[in-house]
Amino acid sequence: MEILSMVGLRLSLKQRYCLLLCVAVGAILAYRFTRNRPEVVRMKRAEGLRANSSQFTLEGKPFHILGGSIHYFRVPRAYWEDRLLKMKACGLNTLTTYVPWNMHEPERGVFNFEDQLDLEAYLRLAASLGLWVILRPGPYICAEWDLGGLPSWLLRDKNMKLRTTYPGFTDAVNSFFNHLIEKVVPHQYSKGGPIIAVQVENEYGSYAKDDEYMPFIKESLLSRGISELLLTSDNKEGLKLGGVKGALETINFQKFNPKDIKYLDEIQPHKPKMVMEYWSGWFDVWGDLHHVYPAEDMLPVVTEILKLNMSINLYMFHGGTNFGFMSGAFAVGMPAPKAMVTNYDYDAPLSEAGDYTTKYHLLRNVFSQYHAQPLTVLPPHQDRRAYQPVSIQQHLSLWVSLQFTDKAFKSERPVSMENLPVNNNNGQSYGYTLYETTITSEGTLNSKNNIRDRALVYVDKHFVGVLDYKTQELAVPYGKGKRTLSLLVENCGRVNYGKTLDEQRKGLVGDIELNKNPLRDFVIHSLDMKPGFVNRLEGTGHWISLRRQRPSFPGFFQAKLYVNSSPKDTFIKLPGWGKGVVFINGRNLGRYWSIGPQQTLYVPGPWLHRGNNQVTVFEEQETDGRIQFSSSPDYGMSVDVQ
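Residues numbered from 1 in each chain as written. Predicted model: local features only at pLDDT ≥ 70, side-chain atom pairs only at ≥ 80, totals over all residues. Heavy atoms only, no water.

By the naming in an unreviewed UniProt entry, the chain is Beta-galactosidase, taken from Pagothenia borchgrevinki. For the record of the chain, the UniProt heading Sequence similarities (unreviewed entry) holds the text "Belongs to the glycosyl hydrolase 35 family." As recorded by UniProt, the Catalytic activity (unreviewed entry) comment attached to the chain reads in full: "Hydrolysis of terminal non-reducing beta-D-galactose residues in beta-D-galactosides." (UniProt positions renumbered as here; feature names shortened; annotations may be inferred.)

K.L.:
Give me the lowdown on the pattern of salt bridges, citing residues and values where you can.
P.N.:
Summed over the entire model, instances satisfying the criterion amount to 18 salt bridges. For Arg163, the salt bridge goes to Glu201, with nearest N and O atoms at 2.8 Å. Of the two residues, Arg163 is situated in the loop between strand S6 (132–136) and helix H6 (167–184) and Glu201 in the loop between strand S7 (195–199) and helix H7 (213–222); the sequence distance between them amounts to 38 residues. Glu201 matches Arg163 in its accessibility class, with the two residues each being buried. For Glu237, the salt bridge goes to Lys240, with nearest N and O atoms at 3.0 Å. Its relative accessible area of 47% is what places Lys240 among the partly exposed residues. (Salt bridge = Lys/Arg side-chain N within 4 Å of Asp/Glu carboxyl O. Helix = DSSP H or I, 4+ residues; strand = E, 2+ residues; numbered from the N terminus. Buried < 20%, exposed > 50% of the residue type's maximum accessible area, 1.4 Å probe, protein only.)

K.L.:
Summarise the sheet that holds strand S12 (residues 311–318); cite the residues concerned and give the values.
P.N.:
Ordered by their spatial adjacency, 8 strands build a closed barrel running S4-S5-S6-S7-S8-S9-S10-S12, and the pairing between neighbours is parallel. The sheet shows a mean angle of 30° between the axes of neighbouring strands, direction not considered. Across the face of the sheet, H7 comes into contact with S7 and strand S8 (229–234) while running at roughly 150° to S8. (Pairing = 2+ DSSP bridges. Axes fitted to C-alpha atoms, helices over the stretch in contact; angles between N-to-C directions. Contact = heavy atoms within 4.5 Å.)

K.L.:
Can you break down the environment of His71 residue by residue, with the values?
P.N.:
Following the sequence through the fold, His71 ends up in the loop between strand S4 (66–70) and helix H3 (80–89). What makes His71 buried here is its relative accessible area of 1%. Spatially, the C-alpha atom of His71 lies 16 Å from that of Asn112, the residues being 41 residues apart in sequence. Excluding its chain neighbours within four sequence positions, the residues that come into contact with His71 are Thr97, Tyr98, Tyr122, Tyr315 and Met316.

K.L.:
Please set out the confidence of the model for the chain residue by residue, giving values where relevant.
P.N.:
Looking at the chain as a whole, the pLDDT averages 93, with 93% of positions reaching at least 70. A low-confidence stretch, residues 1–43 stays under pLDDT 50, and its non-local contacts, those more than four residues away or across chains, total 30 contacts. (pLDDT = per-residue confidence, 0-100.)

K.L.:
Help me get a handle on H7, residues and values and all.
P.N.:
Quick reminder: α-helices carry 3.6 residues per turn. Residues three or four places apart thus point the same way. Burial analysis of H7 places 7 of its 10 residues in the buried class, the great majority of the element. Tyr213, Met214, Phe216, Ile217, Lys218, Ser220 and Leu221 are the residues of H7 that are buried. Against H6, S7 and S8 lie the buried residues of H7.

K.L.:
Please provide a residue-by-residue account of the packing of aromatic side chains, values included.
P.N.:
Inspection of the entire model under this criterion finds 35 aromatic pairs. Where Trp101 meets Phe176, the ring centres are 5.2 Å apart and the plane angle is 10°; that geometry is what we call stacked. Residue Trp101 is found in helix H4 (residues 101–104), and its partner Phe176 is found in helix H6; the two are separated by 75 residues along the sequence. Judged by relative accessible area, Trp101 falls into the buried class, the value being 0%. (Phe/Tyr/Trp six-rings, centres within 6.5 Å; stacked < 30°, edge-to-face > 60°.)

K.L.:
Which residues make up empty space enclosed by the protein, and what values go with them?
P.N.:
Taken as a whole, this structure holds 4 cavities of 30 Å³ or more when the rule is applied. Looking at the largest cavity, its volume works out to about 90 Å³. In this structure, the largest cavity is lined by 13 residues; those nearest its centre are Tyr592, Trp593, Gln598, Gln599 and Thr600. Mapped by element, the contributors of at least two residues to the lining of the largest cavity are strand S31 (570–573), strand S33 (587–593) and strand S34 (600–603). Take the lining of the largest cavity: its biggest share by element is 3 residues, from S33. When grouped by side-chain class, the residues that make up the lining of the largest cavity number 6 nonpolar, 5 polar and 2 charged. Volume-wise, the second largest cavity comes out at about 70 Å³. The residue inventory of the lining of the second largest cavity, partitioned by class, reads 6 nonpolar, 2 polar and 3 charged. (1 Å grid on protein atoms, 1.4 Å probe; cavity = no way out; pocket = protein on both sides within 12 Å on 5 of 7 lines; lining within 4 Å. Points joined across faces, edges and corners; volume = space filled by probe spheres on them. Nonpolar A, V, L, I, M, F, W, Y, C, P; charged D, E, K, R; others polar.)

Shown next as structure tokens:
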């Protein structure tokens, strides 16, 4: 500034203004484009987010956090900017996001921070749009995400104690944080970046199995260079056990209860109050109804929170999609877990496909009152198309597809998918596992409740029935000689919340019996349906035209979607199908299941291209041979959140 003052003696007011503007632009460009060059000096900041009184301060001035959650891993990268611009236009000033460990370290020691998982690009984008960031790096994130974001390979250790100071867990956390936090540190506020706060773990008060765990996670962040304000996040009950010294406690809820706010004030007097997760809607599970949280119920609560001068984060502001096999499962207060659906629309202010909702417009009116300047203009609506239906052209039996999987594994006893010697000895994380053995008699097949989560049962490739948590016995029909018993077991999603995380191994997790005799000598095929496998299938000459032969189930089915102009978002509808998975141009869109509530799958336009697009469907039991498209989603019959 001294140099500017000296130069200013010889420059006009207009010239000085232009020079200052150039300096500011230069600082922003330095942040956006030189993050990998530590020698570049960034714009210095004096004082970040502080919680030293009843109100947050930023640079020593009162600061009101108006936040919203958008998870980069649930939104196609091509749409990151659109969703963040819509967030800013709603009057929010802060983006919150989780970091999914299981995506960033799919195999032990193998890290992925590229393309859809380029966290640094997401942080730079937020900064360029003028949004602050609260980062929630876990290692556990809940999020209705498989195993709460923890990698399944942790469960190869039979003694594993997740979310504790058990050495097998802390060693893995340390390795992950060595890679993650190194990338995060340069994007902190003090370094010229957008991160104003970092959350220590997530809702630990609802787990609370180890008093030393939260201090360990806090120290893991601090020792690696995290210097911004630390937070914890819990519901009212969790506040009793979820905090850690040196981190501000925040609360999560949906329905307003003054007693909850009073309690937060009592345990943490003279500190700013924040609702870290104000639940704007709710999640759905297969076989249930679609949950909605009416705008007329939500708005008074948000208004009251703001009137009390509390900060708020809308969870979710935009939910997005659980692409692939990443959705979790819910088990609290239930005899058996219920799997989450593929969409994560959440009845949020911005829909799964990024559409404005009634909630959005009402919230925008409320948040606008907390800005001195008018809000930015609303970004344009994304066009969508209901493409013409396409017919299945060819099919491939599951049994034929096995030759394109990794080598089969032989085992005397059943082995859970996590313990299979596949994926460089990291086990199988997601998808299906096929267990086959030889039987010589008919009788009663009993799962002993060792199937996780659902098995299609075949004898000599003829369908016999389904075994799951409810149905644990099946009659095996009479037949002569040796026959092959096959169990195609699906991991429907690991529980993401509650105290059963250590018990989330999938596949066959123990013996199954025929006439009370444990079955032995299995041949096990891993069917995780990764992109490499799907691409190998598409390139094979084993596909059979539906005109030549009726399809056998389970199987893969192919069709071509021709797009003659710029691709647009759409939704796939499969009313004549049962249960399975859809791939578009090799990308896994997620699961469908006729039991609902969800009846459509979101297809992002950027994942399509002009010309022919390959649609591959894995279907378990039935098809009418047609794939339909819609310009709007169908989430099923709705029910208000209770």
